[in-house]
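# A look at the structure
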Amino acid sequence: MEEERLNNLRRLVDRAEDSTQRMLEILDKCESRFGVLDQEMLPVQESTAMLTRAKTNISETLLKVEEFHDQFRVGTDVEPVINAGLRNNNAEDFFDAVEKCIEGIRFMDDHKDLKSSGAASKNMERLLRAATRQCAEEFERLLRACGRTVLQQPNGTFAAAPPVSEGVAECMKAVCTCAMTARDTAFLGKYVHVRVAAVQAELNTFSERLGESSSFAPPTASAFNTFQAGRHPWLSLLAFSRELLQGELVLWNTVVPKPAWDGSIDAYCGVADVIVDRLER
């Protein structure tokens, strides 16, 4: 009985070993086949990697092509806006068109090897010149509409006064900023021309009101004994000129953006010199 059980157990063990051996052989064959499959898949994997890199390169190239296309279209896109002129209802579009022209010119300068970049750059430079010319003309128009920078008070004294409304001042600053962005300083020449004429007119009107005479000479010691301070014509002119200078400074600070002050203070000085010269006569 026990002998028979042992024989059965041996047969079961032998069968298990045979099954294990066959399983190992099958696994070896699978491993071998997987190795062959890996070798066969290697070219596919390499091709996939190449295709992925190619896709990335194509995407980047398309972005570059789109950028180049957009830059070459700047002139066509902004020309109608610039030709329409600088009006209140399209001021923002106009300033945006100027920015695009500047960026487009800079782009073409950085890519001079591109075909037709020179022609595109010249076209944008032409449009930019037209835009800055319109900025200068609009600045001059607004500047000519300014009121007086000094007013006489009921007590006979003079006081500087802001000659433009806040809305007009902001508009003039925007125009100046646009011109400065384009590195155009024509608006400063317009400023000097208009304000010198306005200051001369103010001084002439004041002089005519008091009457041109030798009494406009600076008062002597005896004159100080004769006239009360501030009643002598020259002293009145001095008080008026002081407030006129202050008024012009207020106007300058109001309509010219701060970034332009350091590089264009000569414009204000050109206006102030007219007042100083009148006092020195």
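Above this note sits the structure.
Report follows, based on the coordinates. (Residues numbered from 1 in each chain as written. Predicted model: local features only at pLDDT ≥ 70, side-chain atom pairs only at ≥ 80, totals over all residues. Heavy atoms only, no water.)

### As for the overall build of the chain
Counting secondary structure elements, the chain contains 9 helices and 2 strands. Starting at the N terminus and ending at the C terminus, the chain contains elements arranged as α-α-α-α-β-β-α-α-α-α-α. When burial is assessed residue by residue, the chain has 32% of its 281 residues classed as buried. Of all intrachain contacts in the chain linking residues separated by at least 6 positions in sequence, the fraction that spans at least 24 positions is 69%. Of the roughly 18,100 Å² that the chain leaves accessible, carbon and sulfur atoms contribute 54%. (Helix = DSSP H or I, 4+ residues; strand = E, 2+ residues; numbered from the N terminus. Buried < 20%, exposed > 50% of the residue type's maximum accessible area, 1.4 Å probe, protein only. Contact = heavy atoms within 4.5 Å. Areas by Shrake-Rupley, 256 points an atom, 1.4 Å probe, with all protein chains shown as cover.)

### Concerning the nonpolar core
The biggest cluster of nonpolar side chains holds 56 residues, and the ones touching the most others in it are Ile 82, Val 98, Phe 139, Leu 143, Tyr 191 and Val 255. For this core, the secondary-structure elements that each account for two or more residues are α2 (74-84), α3 (91-110), α4 (117-144), α5 (166-181), α6 (186-210), α8 (233-255) and α9 (261-280). Sorting elements by how many residues they give to this core places α4 first, with 10 residues. Not counting residues up to four positions away in its chain, the partners in contact with Phe 139 are Met 172, Val 175, Cys 176, Phe 187, Tyr 191 and Val 255. (Core = buried A, V, L, I, M, F, W, Y, C linked by side-chain atoms within 4.5 Å.)

### Re the side chain of Arg 278
Note that Arg 278 resides in helix α9. Among the residues examined, Arg 278 registers a relative accessible area of 13% and is labelled buried.

### Topic: the pattern of salt bridges
This structure, assessed with the given rule, holds 8 salt bridges. Lys 190 is the partner of Glu 140 in a salt bridge, and the nearest nitrogen-oxygen pair spans 3.3 Å. Here Glu 140 is found in helix α4, whereas its partner Lys 190 is found in helix α6, with 50 residues between them in sequence. On the accessibility criterion, Glu 140 (16% relative accessible area) is buried. (Salt bridge = Lys/Arg side-chain N within 4 Å of Asp/Glu carboxyl O.)

### So, the packing of aromatic side chains
All told, the structure shown has 5 aromatic pairs when counted by the stated rule. With a centroid separation of 4.4 Å and an interplanar angle of 5°, the aromatic rings of Phe 206 and Phe 240 are classed as stacked. With Phe 206 in helix α6 and Phe 240 in helix α8, this residue pair connects regions lying 34 residues apart in the sequence. Pair check on accessibility: Phe 206 and Phe 240 agree, each one buried. Consider the rings of Trp 252 and Tyr 268, whose centres lie 6.4 Å apart with planes at 45°: the pair is tilted. With a gap of 16 residues between them, Trp 252 in helix α8 and Tyr 268 in helix α9 connect regions that are remote in the sequence. By relative accessible area, which is 1% here, Trp 252 ends up buried. (Phe/Tyr/Trp six-rings, centres within 6.5 Å; stacked < 30°, edge-to-face > 60°.)

### With respect to the packing of helix α1 (residues 2-72) against α3
As a packed pair, α1 and α3 sit with axes 9 Å apart at the nearest point and diverge in direction by 120°. One finds that α1 runs oblique with respect to α3. Taken as a pair, α1 and α3 cross one another with a handedness that is left-handed. When α1 is examined against α3, the residues Glu 67, Phe 68, Gln 71 and Phe 72 are found in contact with a partner set consisting of Glu 103, Gly 104, Phe 107 and Met 108. For the contact of α1 with α3, the per-class residue count stands at 4 nonpolar, 2 polar and 2 charged. (Axes fitted to C-alpha atoms, helices over the stretch in contact; angles between N-to-C directions. Parallel < 35°, antiparallel > 145°, perpendicular 65-115°, else oblique. Left-handed = near helix turned anticlockwise from the far one by under 90°. Nonpolar A, V, L, I, M, F, W, Y, C, P; charged D, E, K, R; others polar.)

### Quick look at the environment of Cys 101
Within the fold, Cys 101 resides in helix α3. The buried category is assigned to Cys 101, whose relative accessible area is 0%. Taking C-alpha positions, Cys 101 is 7.7 Å from Val 78, a pair spaced 23 residues apart along the chain. When near neighbours in sequence (up to four residues on either side) are disregarded, Cys 101 contacts Val 74, Val 78, Ile 82, Met 124, Leu 127 and Leu 128.

### What to know about the side chain of Ser 207
If you trace the backbone, Ser 207 turns up in helix α6. Judged by relative accessible area, Ser 207 falls into the buried class, the value being 2%. Of note is the side chain of Ser 207, whose polar atom sits 3.4 Å from the side chain of Arg 278. (Polar contact = N/O pair within 3.5 Å; in protein donor to acceptor, adjacent residues only side chain to side chain.)

### Examining the packing of α3 against α5
Closest axis-to-axis distance for the α3/α5 pair is 10 Å, and the angle between their directions is 10°. Here α3 is positioned roughly parallel relative to α5, judged by the angle of their axes. Contacts between α3 and α5 involve Phe 95, Val 98, Glu 99 and Ile 102 from the first element and Ala 174, Val 175, Cys 178 and Thr 181 from the second. Of the residues assigned to the contact of α3 with α5, the class counts are 6 nonpolar, 1 polar and 1 charged.

This is a description of form; function is not addressed.
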